[in-house]
Amino acid sequence: MLNKEQIQKIDAFFNENGVQYYDVRQELIDHVSEIMEQKMNSNPSLPFEVAFDETVARFSKKELVLLNEAAGSNYDPRKEWQYFTKQRILKFLLIYLAMALPLYYLPSRPALLTGALYFVLWMVFNGRMLLAFRKRHPAPCKKLNTFSHPSWFITLLPVLYQTYIIGKYMLKINTETQVHPVTLALLPFFMLFATSAQMAQQHLKEQDYLAAKNNYPFLF
Amino acid sequence: MNKSNLYKGCLEPILLKLLKENGRMYGYEITQKVKELTAGELKITEGALYPLLHRLEAEGILEVEMENLGNRVRKYYSLTASGKKEQARSMIELESFKNTLQLIFNPKLA
């Protein structure tokens, strides 16, 4: 069985040759270690360095970079949809109605101000949710493929929409501008869409995180 | 013609069949089993094997189990329930592929 330093040398080889994900490297390390152990067992006088050079010669940098990229591209966002159970969909629908109905029935000026209040509260809620998740799940000290699928851009959707509302209506709030109720009712829709998408991603990430923590505990 | 190109398209059914027969296997074990079964005729490279294993894992066809070996971790693959169905389907497809080739290269004379 190869010792810790020998394993670290193999790890460094893959890291230097484009395999940046630790979990992908671990699998290759096991593969290479097994080949080397067989070589060294059948020829006990074979030094580790010779066995190492002979074994890693089979890998080209190009092949390893491609292998790493292929592992990184395997994330399937459709898995996030598992989060949307019937109960959760119903809950989001009720929250949407509770938020949208006042915007729909209120006169323009109070509706715009209520919409702005919703937006501020949403920003605070979403920011706190993201920070709490990061606090609960500190990043591993090495990059893991299983925990490397970012996507925060969906939160831009309500921000852009609120900017549009501010630009089109709120800056002219004193000039009796009439806002179509549907225009305002769309704002909580975008907010809930972004928040639920974030929650779905966090739900999936949490599963990946716990699996990674179980498989590579010393990285956390 | 390079024989490895001919084998390339069959890698997935080969892998699924091995996992069906052996339960759970790890990467190196798969390469050795294929080498042994084909008397060295077919050698699966790491560059072909691992991307395929990772894709099948992402698609839910394979599930993984990790085992700590002291200084390193070993990743075992096995078929999921949908993987078992996929394996059966891939066998039918492969059989049909073999029959089609048979028609071209070794036609039965009436």
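None of the values given here were measured: they were computed from a predicted structure. In this convention, every chain numbers its residues from 1, walking through the sequence in written order. Each chain takes a letter, starting from A, and each ligand takes a number, starting from 1, following the order in which they are written. Given that the model is predicted, a residue must reach a pLDDT of at least 70 before its local features are reported, and side-chain atom pairs must reach 80 or more before they are shown or counted; all residues, however, enter totals for whole chains, interfaces and linings. Hydrogens and water are ignored here; the side-chain numbers use all heavy atoms of the structure.

Next up on the list: a nonpolar patch on the surface. Residues and elements named next belong to chain A. Taken together, the side chains of L90, L93, L94, L97, L101, Y104, Y105, L157, V182, L186, F189 and F193 present a nonpolar region at the surface, about 1100 Å² in accessible area. Each helix corresponds to a stretch of at least 4 residues labelled H or I by DSSP, and each strand to a stretch of at least 2 residues labelled E; elements are numbered beginning at the N terminus. Those elements that provide at least two residues to the nonpolar patch are α5 (86-105) and α8 (181-215). A per-element tally of the nonpolar patch places α5 first, with seven residues. Looking at where L94 falls in the secondary structure, it is placed in helix α5. Any residue under 20% of the maximum accessible area for its type is buried, any over 50% is exposed, and the rest in between are partly exposed; the area is computed with a 1.4 Å probe on protein chains only. Using a relative accessible area of 54% as the deciding quantity, one classes L94 as exposed. The residues that make up patches have over 30% relative accessible area and no salt bridge, and they are joined within 9 Å when like-charged or within 5 Å when they are Val, Leu, Ile, Met, Phe, Trp or Tyr. Methods summary: accessible areas were calculated by the Shrake-Rupley approach with a probe of 1.4 Å, and residue burial reflects only the protein chains presented. Should a side-chain nitrogen of Lys or Arg be within 4 Å of a carboxyl oxygen of Asp or Glu, the pair is scored as a salt bridge.

Residues and elements named next belong to chain A. UniProt positions are given in the numbering used here, feature names are shortened, and annotations may be inferred rather than shown by experiment. Taking the UniProt record as the reference, the feature "transmembrane region" (unreviewed entry) is found at residues 89-106, 112-131, 152-171 and 177-195. Split by type, residues 89-106 is 94% helix and 0% strand. Its first and last C-alpha atoms lie 26 Å apart. A helix fraction of 100% and a strand fraction of 0% characterise residues 112-131, whose end C-alpha atoms lie 29 Å from each other.

Now for the UniProt feature "domain: Transcription regulator PadR N-terminal" (unreviewed entry) in chain B. This chain's UniProt record puts "domain: Transcription regulator PadR N-terminal" (unreviewed entry) on residues 15-87 of chain B. Along residues 15-87 of chain B the backbone is 53% helical and 23% strand, and the end-to-end C-alpha distance reaches 9 Å.

A separate point is unusual backbone geometry. Residue and element names in this part refer to chain B. Of note in this structure, A39 is not a glycine but carries a positive phi near 50°. With respect to the helices and strands, A39 occurs in the loop between α3 (27-37) and α4 (46-58). Of the residues examined, A39 reaches a relative accessible area of 73% and is grouped as exposed.

Below, the discussion takes up the pattern of salt bridges. Inspection of every chain in the model, using the stated rule, returns 17 salt bridges over all chains. Put simply, B:R89 and B:E86 hold a salt bridge, and the shortest N to O gap is 2.5 Å. Here B:R89 pairs with B:E86, and both are found in helix α5 (residues 81-105), just three residues apart, close to one helical turn. Relative accessible area serves as the criterion here: at 40%, B:R89 is assigned to the partly exposed category. Here the salt bridges share partners, and the residues they tie into one network are A:D30, A:E34, A:E37, B:R72 and B:R74.

Now for the interface of chain A and chain B. Any two residues whose heavy atoms approach within 4.5 Å are treated as being in contact. In this complex, chain A contributes 26 residues to the contact, which on the side of chain B involves 21 residues. Interface area for chain A against chain B, summed over the two sides, is near 2200 Å², with a carbon-plus-sulfur share of 53%. Counting the surface chain A buries against chain B, the share from its top three residues, A:E27, A:D30 and A:H31, is 29%. Where chain A touches chain B, the interface holds six salt bridges. Side-chain atoms alone can form a polar contact between residues adjacent in sequence; in general such a contact is a pair of N or O atoms within 3.5 Å, and within protein one must be able to donate a hydrogen while the other accepts it. Inspection of the chain A/chain B interface yields 14 residue pairs in polar contact (both at pLDDT 80 or more). Put simply, the parts of the chain that give the side of chain A that touches chain B at least two residues each are α1 (4-16), α2 (22-42) and α4 (61-72) of chain A. At eleven residues, α2(A) tops the list of elements feeding residues into the side of chain A that touches chain B. For this classification, the nonpolar set comprises Ala, Val, Leu, Ile, Met, Phe, Trp, Tyr, Cys and Pro, the charged set comprises Asp, Glu, Lys and Arg, and every other residue, Gly included, is treated as polar. Of the residues belonging to the side of chain A that touches chain B, the class tally is eleven nonpolar, seven polar and eight charged. Put simply, buried area is the surface a 1.4 Å probe can reach on two separate parts but cannot reach once they are joined, added for both.

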